[in-house]
Amino acid sequence: MTINKKQEGTTLEIAVEGRLDTTTAPQLEAELKHSIDGITALTMDFANLEYISSAGLRVLLSVQKVMNKQGSMVVRHVNEMISEIFEVTGFVDILTIE
Amino acid sequence: MNDANKPMVPLEKKVFRAILRLLLVTLLVVGAVIVFQLLQLRRGMITANVETGQEVESISSQAMEEMMEENLLRLTAEKASAADKVFSDLGQTVSILAKNAEYLYENDAKIDGVEVHLPDRKNGDALDVYVTYSDKADQSSKKFQTEQELLGNLQWDLLAVTSEHEEVNSDYFAAESGFMLQADNVYQEQFDDEGNLLTFEAKERPWYQGAVEANGLYFTEPTHDASTGDFAVMCSIPVYDRKELKGVAGAGMYLTSLKETVSEAVIGESGSACLLDGNGNVIFSTRNSGELSAGAEDLANALDTTKGDLKQFLIEAVGGTQAVSLTAVDGENAYVSCSPLGTVGWTLISVLPEDIVTAPTQSLTGALATKNDEMLQQSDRRFLTAFITLLVAVVVLMLVANLVSKRLSSRLTQPIVALTDKVREIEGDNLSFTWDQHTNDEIDVLANSFGTMTKRIEQYIADITAITAEKERIGAELSVATQIQADMLPCIFPAFPEREDFDIYASMCPAKEVGGDFYDFFLMDDDHLVMVMADVSGKGVPAALFMVISKTIINNQAQFSDSPKQILETANNLLQENNAEDMFVTVWLGILEISTGKLKAVNAGHEYPVIRGTDGKFEILKDKHGMVLGTIPGLKYREYDAEIEEGGCLFLYTDGVAEATDAKNELYGTERMLEALNRDPLANPQQLLVNVRADIDAFVGDAPQFDDITMMAMERKKQ
């Protein structure tokens with residue numbers, strides 16, 4: 001898994017590539033914890049995300065909860081498979097997917 | 001890599017050998033250099049000596065030759081001059097006699113005549129002046145008597161000459177008219193045996209005729225005097241009065257003194273000399289035989305007895321040259337020098353054998369060579385001594401080196417040996433290592449490092465022991481936990497052996513010791529079966545703990561309500577409390593009315609259920625989905641109805657099935673799962689699970705199991 005960060009002021013865009021599973025989820029969690037302080041607009045780019053497991057969903061949930069308090073969060077470029085997972089798990093209801 | 005077959009060579013021996021080798025090579029190199037230098041020096045000395053000898057010989061012999069030639073020539077010239085003086089003196093004497101005679105003739109008118117007596121036998125051999133006559137003389141003529149008496153004045157001169165000059169034995173004046181005045185002591189010869197006075201024909205004598213012919217000073221050829229054994233020479237000069245020949249004055253001389261002069265021209269013992277007359281006749285010679293020797297009786301002519309270079313040299317010598325030449329005399333190389341006697345045209349020859357000339361040079365070079373040989377021998381002895389000394393030094397040094405290197409190597413390696421022994425002591429559990437030597441070098445550092453290392457190892461062993469114990473404890477606990485978790489789930493199959501109307505089978509296989517998946521089923525009443533399939537986010541102990549809470553809450557709620565919607569909504573609210581870690585759980589919960597097959601269900605973020613209808617084919621039921629449980633409070637869930645036909649089957653699973661991954665990271669997927677189910681769709685629930693599991697395993701291959709794999713199948717049996 002690769003994480004690419006792009007920050008402009010309080011706007012942060014994070015592109016996640018590869019598999020976001022039990023093994024890699026803690027890495028993304030640590031990265032986000034470290035960088036979303038003071039961010040008001042977070043964009044998660046999943047264009048190159050191949051797979052997301054429940055551990056990955058948990059990280060998304062946590063971030064979403066934090067961002068609910070300090071700004072907004074958008075998930076974009078979600079492919080069909082990830083989109084299905086979001087749908088099955090009901091995450092479509094709590095995430096802003098573009 | 002160690003060669004096990006090779007015996008160990010102790011370090012001490014190695015160091016010892018290395019030092020010894022180094023010393024040996026050094027000694028050999030130094031020795032070789034010294035020997036080489038000595039040999040070079042010796043060769044140089046020999047070359048220098050030989051060159052010196054040759055040079056000395058060359059210079060010496062050349063110098064000797066030049067000196068010898070010069071000396072020989074000078075000596076010959078001196079002696080020749082001395083010999084010549086005898087003749088010139090005689091000539092001078094005879095000249096005076098002739099001048100006196102001429103004076104008498106010129107002044108005949110003024111000078112009174114003096115009588116000269118006839119030879120008197122009674123006088124014996126006393127010196128006397130007397131007159132003799134020719135047979136043709138006209139003794140009676142007045143003119144003859146007057147002339148004889150005029151010339152009688154010459155008698156004292158004649159006497160003076162013989163008495164003053166030792167070598168002159170006789171002098172005389174012979175008149176053309178027939179008388180002869182003579183001064184000597186041999187007048188007995190003028191008488192015959194009977195005592196009668198003999199006549200003497202002076203004009204017939206060679207000295208008379210020669211002088212007249214020469215019209216000046218004349219020397220006769222040497223004549224051999226048989227009585228004395230000496231050679232005699234006569235010198236004569238014609239006397240004129242007003243161009244008229246009046247007579248001849250002369251003197252005879254023995255060459256006794258010349259013999260001495262010639263012998264004085266001899267150099268050394270082997271040198272020789274000889275005197276040749278104008279024709280090459282040998283007058284005197286110190287040589288007794290062979291070339292350049294005098295004849296025994298008659299005159300030997302040197303030109304006749306010699307040949308080749310010597311003859312050529314003699315011809316030139318007789319011709320009047322002064323020269324020196326190296327030529328063979330009697331087959332022996334000799335320096336031959338010649339110098340003329342100007343007055344008589346004779347030649348003095350001096351011979352010096354070459355041996356005498358070269359002998360000093362040879363003796364000098366010989367001495368030099370001997371000296372050189374001595375020096376060489378001496379230097380050879382020194383070289384030998386030096387060589388032996390060197391050899392002894394090498395041997396001694398080697399012995400010393402042997403001793404020193406042994407001690408040195410032992411001293412160098414002793415700490416290493418000690419260290420090795422100490423290290424050897426470390427065996428098994430005994431890791432204690434103490435170093436009490438202080439070599440203050442790398443070995444010290446090594447030993448101390450080793451000490452530190454053993455301490456650390458001890459520490460690590462202690463740590464590892466503790467960690468292992470801890471791990472074992474955790475492992476044991478986890479295995480208990482696994483068992484507890486397994487026991488929490490309905491695990492006795494067949495679960496409802498008394499029921500003929502349905503069959504249910506489930507399995508959970510956690511990826512780790514404990515998992516986050518769970519299933520549950522129980523009968524609410526005789527006709528209502530509650531089925532739960534859930535998946536907690538994450539894996540391992542956190543997921544397991546959350547799973548326990550989730551299962552308990554859901555199970556509890558199901559006791560109070562027959563509405564899946566209500567059960568999950570309440571459970572959601574309960575779960576999201578104190579859920580700081582944002583754990584969540586996906587849950588499918590359904591309540592089946594067994595008698596009718598009517599199913600009320602809620603899907604909270606869980607996988608789609610799969611249902612097999614009467615057509616005998618499993619198909620995914622795309623049901624309504626809600627949000628996962630435990631995230632946001634107050635969530636509302638939608639409940640839906642479905643029907644399991646008689647003979648139909650419900651298959652529930654977690655994402656561990658659909659998302660099982662092979663080595664190429666390819667997901668197993670629901671399509672493959674459906675295929676696996678439909679390969680034998682009418683199999684009983686347990687067999688269905690086994691089939692799917694086998695298919696997953698075949699797909700995944702050697703890739704590790706990522707997620708918990710949990711499945712449940714419920715068949716509503718045909719009555």
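Report follows, based on the coordinates.

Cut-off values and rules
Residues numbered from 1 in each chain as written. Chains lettered and ligands numbered in written order. Predicted model: local features only at pLDDT ≥ 70, side-chain atom pairs only at ≥ 80, totals over all residues. Heavy atoms only, no water. Helix = DSSP H or I, 4+ residues; strand = E, 2+ residues; numbered from the N terminus. Rg over C-alpha atoms; globule rule 2.2 N^0.38 Å. Buried < 20%, exposed > 50% of the residue type's maximum accessible area, 1.4 Å probe, protein only. Pairing = 2+ DSSP bridges. Axes fitted to C-alpha atoms, helices over the stretch in contact; angles between N-to-C directions. Contact = heavy atoms within 4.5 Å. Patch = residues over 30% accessible without salt bridge, like charges linked within 9 Å, V, L, I, M, F, W, Y side chains within 5 Å. Areas by Shrake-Rupley, 256 points an atom, 1.4 Å probe, with all protein chains shown as cover. Salt bridge = Lys/Arg side-chain N within 4 Å of Asp/Glu carboxyl O. Buried area = accessible area lost by both parts, 1.4 Å probe. Polar contact = N/O pair within 3.5 Å; in protein donor to acceptor, adjacent residues only side chain to side chain. Phe/Tyr/Trp six-rings, centres within 6.5 Å; stacked < 30°, edge-to-face > 60°. 1 Å grid on protein atoms, 1.4 Å probe; cavity = no way out; pocket = protein on both sides within 12 Å on 5 of 7 lines; lining within 4 Å. Points joined across faces, edges and corners; volume = space filled by probe spheres on them. Nonpolar A, V, L, I, M, F, W, Y, C, P; charged D, E, K, R; others polar. Core = buried A, V, L, I, M, F, W, Y, C linked by side-chain atoms within 4.5 Å. Arc of directions from axis to C-beta. Parallel < 35°, antiparallel > 145°, perpendicular 65-115°, else oblique.

### Some words on the overall build of chain A
Alright, step 1. From N to C terminus, chain A includes three helices and five strands.
Alright, step 2. The secondary structure elements of chain A, listed N-terminal to C-terminal, are β-β-α-β-β-α-β-α.
Alright, step 3. For chain A, whose C-alpha radius of gyration is 12 Å, the value lies close to the compact-globule estimate of 13 Å for 98 residues.
Alright, step 4. Over its C-alpha atoms, taken along the principal directions, chain A stretches across nearly 30 × 25 × 20 Å.

### So, the environment of lysine 142 of chain B
Residues and elements named next belong to chain B.
Alright, step 1. Mapped onto the elements, lysine 142 comes out in helix H2 (residues 142–151).
Alright, step 2. Taking the relative accessible area as the measure of exposure, lysine 142 reaches 62% and is therefore exposed.
Alright, step 3. Sequence spacing of lysine 142 and glutamine 705 is 563 residues, and the spatial spacing of their C-alpha atoms is 195 Å.

### Brief notes about the sheet that holds strand S14 (residues 502–509) of chain B
Where strands meet in a sheet, backbone hydrogen bonds hold them as pairs that are either parallel or antiparallel.
All names here are of chain B.
Alright, step 1. The antiparallel open sheet is built from five strands, whose spatial order is S14-S24-S23-S19-S20. Both outer strands of the open sheet, S14 and strand S20 (618–620), are each paired with one neighbouring strand and no more. Strand after strand, the sheet turns through a mean of 15° between neighbouring axes, direction not considered.
Alright, step 2. Alignment of strand S19 (residues 610–612) against strand S23 (residues 649–653), held across three bridges, turns out to be antiparallel. In the sheet register, arginine 612 faces S23, and the bridge partner there is cysteine 649.
Alright, step 3. Most of the contacts of helix H14 (residues 685–700) go to strand S24 (residues 709–716), to which it runs at about 150°, and overall it touches S14, S20, S23 and S24.

### Re a nonpolar patch on the surface
Residues and elements named next belong to chain B.
Alright, step 1. There is a patch of nonpolar side chains on the surface, built from Leu384, Ile388, Val392, Val396, Val400, Leu403, Val404, Leu408 and Leu412 and spanning about 780 Å² of accessible area.
Alright, step 2. Inspection of the secondary structure puts valine 400 in helix H8 (residues 354–425).
Alright, step 3. The class for valine 400 is partly exposed, based on a relative accessible area of 42%.

### Side note on the sheet that holds strand S11 (residues 323–329) of chain B
All names here are of chain B.
Alright, step 1. Pairing is antiparallel across the open sheet formed by six strands, whose spatial order is S10-S9-S8-S13-S12-S11. The outermost strands of the open sheet, each flanked by one partner alone, are strand S10 (300–301) and S11.
Alright, step 2. Across the face of the sheet, helix H5 (residues 256–264) comes into contact with strand S8 (272–276), strand S9 (281–285) and strand S13 (346–353) while running at roughly 140° to S8.
Alright, step 3. Strand contacts of H8: S11, strand S12 (332–341) and S13, with the helix running at about 40° to S13, the strand carrying the most contacts.

### Structural notes on the interface of chain A and chain B
Alright, step 1. Across the contact, 21 residues belong to chain A and 24 residues belong to chain B.
Alright, step 2. The largest share of the area that chain A buries against chain B comes from Arg19, Arg58 and Val88 of chain A, three residues that together contribute 28% of it.
Alright, step 3. The interface formed by chain A and chain B holds one salt bridge in total.
Alright, step 4. Salt-bridge contacts for lysine 65 of chain A lead to aspartate 582 of chain B; the nearest nitrogen and oxygen are separated by 2.7 Å.
Alright, step 5. Counting the contacts that link chain A with chain B gives eight residue pairs in polar contact (both at pLDDT 80 or more).
Alright, step 6. For the side of chain A that touches chain B, the secondary-structure elements that each account for two or more residues are helix H2 (54–70) and helix H3 (80–89) of chain A.
Alright, step 7. Here the side of chain A that touches chain B gets seven residues from one element, more than from any other, and that element is H2 of chain A.

### Section: the packing of aromatic side chains
Alright, step 1. Summed over all chains, the structure comprises 19 aromatic pairs over all chains.
Alright, step 2. Seen from their ring centres, phenylalanine 46 of chain A and phenylalanine 86 of chain A are 6.5 Å apart, and the 35° between their planes marks the pair as tilted. Of this pair, phenylalanine 46 of chain A sits in the loop between strand S3 (41–45) and strand S4 (49–52) while phenylalanine 86 of chain A sits in helix H3, and the two are 40 residues apart along the sequence. Neither residue differs from the other here; phenylalanine 46 of chain A and phenylalanine 86 of chain A are each classed as buried.
Alright, step 3. Taken together, the aromatic side chains of Phe493, Phe496, Phe502, Tyr505, Tyr519 and Phe521 of chain B make up a single cluster linked through ring pairs.

### Considering the side chain of histidine 606 of chain B
Alright, step 1. In this fold, histidine 606 of chain B is placed in the loop between strand S18 (598–604) and S19.
Alright, step 2. When its relative accessible area of 2% is taken as the criterion, histidine 606 of chain B is described as buried.
Alright, step 3. In contact with histidine 606 of chain B, other than residues within four places in its own chain, are Val88 of chain A together with Met533, Ala534, Asp535, Thr586, Val587, Trp588, His625, Tyr653 and Thr654 of chain B.

### Digging into the pattern of salt bridges
Between side chains of opposite charge, a pair can form as their charged atoms come close.
All names here are of chain B.
Alright, step 1. Scanning all chains against the criterion turns up 22 salt bridges over all chains.
Alright, step 2. Here lysine 203 and glutamate 176 are joined by a salt bridge, their closest N and O atoms 3.1 Å apart. Here lysine 203, found in the loop between strand S3 (179–184) and helix H4 (206–214), pairs with glutamate 176, found in the loop between strand S2 (168–175) and S3; they are 27 residues apart in sequence, far enough to count as distant.
Alright, step 3. Overall, glutamate 176 belongs to the partly exposed group, its relative accessible area being 28%.
Alright, step 4. Here arginine 473 ties to glutamate 477 by a salt bridge, and the two come within 2.4 Å at their closest N and O atoms. Of this pair, arginine 473 and glutamate 477 both sit in helix H9 (residues 442–488), four residues apart, which is roughly one turn of the helix.
Alright, step 5. In this structure arginine 473 comes out as partly exposed when scored by relative accessible area, which is 39%.
Alright, step 6. Given the relative accessible area of 41%, glutamate 477 is considered partly exposed.
Alright, step 7. One salt-bridge network, in which partners are shared between bridges, spans Glu470, Arg473 and Glu477.

### As for empty space enclosed by the protein
Alright, step 1. Throughout the structure, instances matching the rule amount to one cavity of 30 Å³ or more.
Alright, step 2. Taken together, Arg19, Asp21, Thr22, Tyr51 and Ser53 of chain A together with Lys539, Glu659, Phe706 and Asp707 of chain B make up the lining of the largest cavity.
Alright, step 3. A breakdown of the residues in the lining of the largest cavity according to their chemical character gives two nonpolar, two polar and five charged.

### A few points about the nonpolar core
Alright, step 1. Counting 84 residues, the largest nonpolar core has Met44 and Phe86 of chain A together with Met531 of chain B as the members making the most contacts within it.
Alright, step 2. Among all residues touching methionine 531 of chain B, those that are not within four sequence positions of it are Ile504, Asp520, Phe521, Trp588, Leu589, Gly590, Leu592, Leu599, Leu650, Leu652, Met712 and Met714 of chain B.
Alright, step 3. Among the nonpolar cores identified, the runner-up in size contains 49 residues, and Tyr133, Phe179, Leu255 and Leu341 of chain B belong to it.

### Examining helix H7 (residues 308–318) of chain B
Residue and element names in this part refer to chain B.
Alright, step 1. Along H7, the positions that sit buried rather than exposed are Leu310, Phe313, Leu314, Ala317 and Val318. For H7, the angular spread of buried residues about the axis comes to 130°, placing them on one side. Exposed residues on H7 whose side chains face more than 90 degrees from its buried face are Gly308 and Asp309.
Alright, step 2. Against S8, helix H6 (302–305), S11, S12 and S13 lie the buried residues of H7.
Alright, step 3. Phi turns positive, to about 110°, at glycine 320, one or two residues after H7.

### Regarding the packing of H8 of chain B against H9 of chain B
All names here are of chain B.
Alright, step 1. Packing of H8 against H9 leaves a shortest axis separation of 10 Å and a crossing angle of 10°. Comparing the axis directions of H8 and H9 gives the class roughly parallel. For the pair formed by H8 and H9, the contact residues are Leu412, Pro415, Ile416, Leu419 and Val423 on the first element and Ile443, Leu446, Ala447 and Phe450 on the second.
Alright, step 2. Class assignment for the residues of the contact of H8 with H9 results in nine nonpolar, no polar and no charged.

### Thoughts on the layout of surface pockets
Alright, step 1. Its volume calculated, the second largest pocket comes out at about 500 Å³.
Alright, step 2. Contributing to the lining of the second largest pocket are 27 residues, with Glu84 and Ile85 of chain A together with Glu607, Ala658 and Glu659 of chain B lying nearest its centre.
Alright, step 3. Among the elements of the structure, H2 and H3 of chain A together with helix H12 (655–658) and helix H13 (669–679) of chain B are those that each provide at least two residues to the lining of the second largest pocket.
Alright, step 4. Counting residues per element, the lining of the second largest pocket draws most heavily on H3 of chain A, which supplies five residues.
Alright, step 5. Its residues assigned to classes, the lining of the second largest pocket shows eleven nonpolar, nine polar and seven charged.

Worth remembering: the numbers are spatial, not functional.
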